[in-house]
Amino acid sequence: MAIHFDKREAVYIQVIRYFKEQIAIGELKSGQEIPSRRELAQQLKINPNTVQRAYKEMEEEGLIYTDGNKPSIVTEETKRIKEIRETLITEAIDQFVDRITSLQIPKEQVFELVQLKLNELGGEEEVKHD
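Given the structure is predicted, the values throughout are model-derived calculations rather than measurements.

A.B. asks: So what exactly am I meant to see when it comes to the packing of aromatic side chains here?
C.D. replies: According to the stated counting rule, one finds two aromatic pairs in the structure shown. Pairing Y18 with F19 gives two aromatic rings, centres 5.9 Å apart and planes at 90°, and the pair type is edge-to-face. Taken as a pair, Y18 and F19 share a single burial class, namely buried. Arranged with centres 6.0 Å apart and planes meeting at 80°, the rings of F19 and Y55 form a pair that is edge-to-face. Of this pair, F19 sits in helix α1 (residues 11-24) while Y55 sits in helix α3 (residues 48-60), placing them 36 residues apart in sequence. Like F19, the residue Y55 is buried in the burial classification.

Now the structure itself:
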């Protein structure tokens, strides 16, 4: 598990984001066990209380589930997993649009640049815009 921590944001938030991303891309599967709080703290070399806070929030958000003394598992609710993915996509788009808007690049040029980038990445469908 490799998380590159950014000093500008709370570590527990970065841990949550990492798990959301891993769930969204299918790296962590529905019903899959995740490391114990102690194991994750040791792997990431962070305070166990930080991991505890992240796991608590992920449970409250319905990302993971813990049944008594059993290991925590990734949610099996496909609707919740879909919501996680959509939220991450929306956040990425919002950040992109904010950055592009601040650069005052014409929409047509943005569409062209996005199309070029998608083509470089192997996207074959053409981006359509008005």
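A.B. asks: Looking at this structure, how should I read the nonpolar core?
C.D. replies: One broad rule of soluble globular proteins: the nonpolar side chains tend to lie buried together. Counting residues in each nonpolar core, the largest one holds 24 residues, and the members touching the most others are V15, F19 and Y55. Those elements that provide at least two residues to this core are α1, α2 (37-44), α3 and α4 (78-103). With seven residues, the single largest contributor to this core is α1. Among all residues touching V15, those that are not within four sequence positions of it are I3, F5, L40, L44, I46 and A54.

A.B. asks: Got a minute to help me understand the packing of α1 against α3 in this structure?
C.D. replies: In helix packing, the relevant descriptors are the interaxial angle and the interaxial distance, both defined with respect to the helix axes. The contact between α1 and α3 brings their axes to 9 Å, and the two run at 50°. In terms of axis orientation, α1 runs oblique to α3. Remark: the crossing between α1 and α3 carries right-handed chirality. Residue-level inspection shows V11, Y12, V15, I16 and F19 of α1 in contact with α3, the latter providing T50, R53, A54, Y55, E57 and M58. For the contact of α1 with α3, the per-class residue count stands at eight nonpolar, one polar and two charged.

Quick notes on the rules
- Throughout, a residue's number is its position along its own chain's written sequence, starting from 1.
- In view of the model being predicted, local features appear only for residues whose pLDDT reaches at least 70, and side-chain atom pairs are presented and counted only at 80 or more, with totals across whole chains, interfaces and linings using the full set of residues.
- The basis for every side-chain value is the complete set of heavy atoms in the structure, and neither hydrogens nor water enter the calculation.
- Pairing of aromatic rings covers Phe, Tyr and the six-membered ring of Trp, with a centre-to-centre limit of 6.5 Å; geometry is then stacked below 30 degrees between planes, edge-to-face above 60, and tilted otherwise.
- Note on exposure labels: buried denotes an accessible area under 20% of the residue type's maximum, exposed denotes more than 50%, and partly exposed covers the range between, all computed with a 1.4 Å probe on protein chains only.
- Labels follow the DSSP assignment, with helices taken as runs of H or I lasting at least four residues and strands as runs of E lasting at least two, numbered in each case from the N terminus.
- Residues grouped as a nonpolar core are buried Ala, Val, Leu, Ile, Met, Phe, Trp, Tyr and Cys residues, joined through side-chain atoms within 4.5 Å.
- In this description, contact between two residues means that some pair of their heavy atoms is separated by no more than 4.5 Å.
- Here the axes come from fitting lines to C-alpha atoms, over the contacting stretch only for helices, and the angles between their N-to-C directions go from 0 to 180 degrees.
- Any angle that falls under 35 degrees is termed roughly parallel, while one over 145 is termed roughly antiparallel, one within 65 to 115 roughly perpendicular, and all others oblique.
- A crossing counts as left-handed when the near helix is turned anticlockwise from the far one by less than a right angle, and as right-handed when that turn is clockwise.
- For this scheme, ten residues count as nonpolar: Ala, Val, Leu, Ile, Met, Phe, Trp, Tyr, Cys and Pro. Four count as charged, namely Asp, Glu, Lys and Arg, and the remainder, Gly too, count as polar.

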